[in-house]
Protein chains: 2
Amino acid sequence: MKLTDDSQAFVLHFGEMGSRWGFNRTVGQMLALLTIHSEPLNADQLAEALKISRGNVSMGLKELQAWRLVELHHRPGDRKDYFTAAGSIWDMARTVFEERRKRELDPTLSLLRQLLLNEPQDGAETLAQERMREVYSLLELLDQFATTLSRLSEADLQRLMKLGSGLGRLLDLKDKVRGGASGSGE
Amino acid sequence: MKLTDDSQAFVLHFGEMGSRWGFNRTVGQMLALLTIHSEPLNADQLAEALKISRGNVSMGLKELQAWRLVELHHRPGDRKDYFTAAGSIWDMARTVFEERRKRELDPTLSLLRQLLLNEPQDGAETLAQERMREVYSLLELLDQFATTLSRLSEADLQRLMKLGSGLGRLLDLKDKVRGGASGSGE
DNA sequence: TATAATTTTCAGAAATTTCTGAAAGTTCAA
DNA sequence: TTGAACTTTCAGAAATTTCTGAAAATTATA
């Protein structure tokens, strides 16, 4: 498994961005390689191509499976496990988006629900709790919105994302057509 | 500066979530404390409340200023620098969102633009480049969409995020009203 | 059932990130 | 100017995360 310069660059870049996207370097590299390599790869091939240890590959694959970003395949007469990226690029993006929503929002929502049950004991606490409530409202709305987005079909997502500043106009259009009294569909 | 249990919990939680949100533990804690504390705080107060070193506070404040998440204040007859969270919770969320868009998408877009200029030399490279092109298209669209979102007024953002599954219906509505030929506003 | 092939685990090593605190730098009032 | 008040810097320490590789576990074949 020898990578071309461009594939190498792509793989190394994903490794560097990995930590910002929620996984570690080698997981990022593995995901990149499986994304651009059309044929399934086994653990030894990944280790050789990325020059990382076999154990690291095993842990990385475990994590990518937990994210549901890779798919397992088997070849007749070969006992090794082979992997490909799971689904289309859009499928993968949706998966990462949804998983990050869970990791980055849910724990905070859960804590804030707890804290907001308590009675503030003085003025400072009341003010602090007001701010926490604002944080909670915003994050809850964001969480719902992210969930809504990740449930849209690819076609709808593309339409939405291509709107550009038409999005603002569309929101106005809605208010005109439906009289502004709609919105909280669920 | 003694924190109540709830404030403490909030601050510690932000510290733990910090790394998932793009900053380190103490930066997360400082942001949390400044968010729930209505009065401006100086560096010594932050260091004491969070039990971290003065140097760490200085670096953290520098980073929060780079993010434009804190505002500097001065008190008459006091040479110390005082800080508050910059703007409303919505302002801060918008700032974080926009900064993360830049950090998490722009470097990859930039690299992919480079790589996609090169001619693939064989079948495998052609396939790899096709996948890179798909990644590029998706990330570019996402980048535009994120930019669009971060430019919406708070009111529009709230309306949009409250749509729930009404968002899908709204997209259909648009196609009906404008005949489906619109969309690429810019 | 043995044994060969393969994957997983995990203790410790290596790498990276974060934090401390003392020294250097800056600002301002007298 | 001087020096007191304050902030910043940064080398090394501490903490955390990631990685390695050998041993243990699992699975399939003969």
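Here we summarise the structure given alongside this text. Note that the structure is a prediction, hence the values are computed from the model and not measured.

Now for the interface of chain A and chain B. Accessible area lost on assembly of the parts is the figure often given for the size of an interface. With 67 residues of chain A in contact, the opposing surface of chain B contributes 67 residues. Summing the contributions of chain A and of chain B, the shared interface buries around 6200 Å²; its carbon and sulfur component is 68%. Where chain A packs against chain B, one counts four salt bridges. In this structure, the salt-bridge partner of Asp172(A) is Arg159(B), at a minimum N-O distance of 3.2 Å. If you look at where chain A meets chain B, you find 15 residue pairs in polar contact (both at pLDDT 80 or more). Breaking the side of chain A that touches chain B down by element, the ones donating at least two residues are α1 (5–21), α2 (25–36), α5 (89–115), α6 (123–151), α7 (154–161) and α8 (166–178) of chain A. For the side of chain A that touches chain B, the element with the most residues is α6(A), which contributes 13 residues. Residue classes in the side of chain A that touches chain B are distributed as 33 nonpolar, 17 polar and 17 charged.

A separate point is the sheet that holds strand β2 (residues 70–73) of chain B. Strand pairing in a sheet takes place through backbone hydrogen bonds and is either antiparallel or parallel in direction. Strand order in the open sheet made by the three strands is β1-β3-β2 (chain B), with antiparallel pairing throughout. Every other strand in the sheet has two partners, leaving β1 (41–42) and β2 of chain B as the edge strands with one partner each.

Residues and elements named next belong to chain A. If you walk through the whole model with that rule in mind, you get 24 salt bridges over all chains. With a closest N to O distance of 3.3 Å, Arg103 and Glu99 form a salt bridge. Placement of both Arg103 and Glu99 in helix α5 is noted, with a separation of four residues, approximately one turn of the helix. What makes Glu99 buried here is its relative accessible area of 18%. One salt-bridge network, in which partners are shared between bridges, spans Glu98, Arg101, Asp106 and Asp143.

Screw-axis analysis of chain A against chain B gives a translation of 0.0 Å along the axis, an RMSD of 0.0 Å, and a rotation angle of 180 degrees. What the superposition gives is, in effect, a two-fold axis relating one chain to the other. Mapped onto chain B, 100% of the interface residues of chain A are again interface residues, and the two copies thus contact each other with one and the same surface.

Close to DNA strand D lie 19 residues; Thr26(A), Ser53(A), Arg79(A), Arg54(B) and Asp81(B) are nearest. The contact in question runs from a phosphate oxygen of DNA strand D to an N or O atom on the backbone of Asp81(B), over 2.8 Å. Listing elements by their share of the surface near DNA strand D, those giving two or more residues are α2 and α4 (54–66) of chain A together with α4 (54–66) of chain B. Residue contributions to the surface near DNA strand D peak at five residues, all from α4(B). For the surface near DNA strand D, the residue count by class is three nonpolar, seven polar and nine charged.

Conventions we followed
- Residues numbered from 1 in each chain as written.
- Chains lettered and ligands numbered in written order.
- Predicted model: local features only at pLDDT ≥ 70, side-chain atom pairs only at ≥ 80, totals over all residues.
- Heavy atoms only, no water.
- Contact = heavy atoms within 4.5 Å.
- Buried area = accessible area lost by both parts, 1.4 Å probe.
- Salt bridge = Lys/Arg side-chain N within 4 Å of Asp/Glu carboxyl O.
- Polar contact = N/O pair within 3.5 Å; in protein donor to acceptor, adjacent residues only side chain to side chain.
- Helix = DSSP H or I, 4+ residues; strand = E, 2+ residues; numbered from the N terminus.
- Nonpolar A, V, L, I, M, F, W, Y, C, P; charged D, E, K, R; others polar.
- Pairing = 2+ DSSP bridges.
- Buried < 20%, exposed > 50% of the residue type's maximum accessible area, 1.4 Å probe, protein only.
- Least-squares fit on C-alpha atoms with pLDDT ≥ 70 in both.
- Near = heavy atom within 4 Å.

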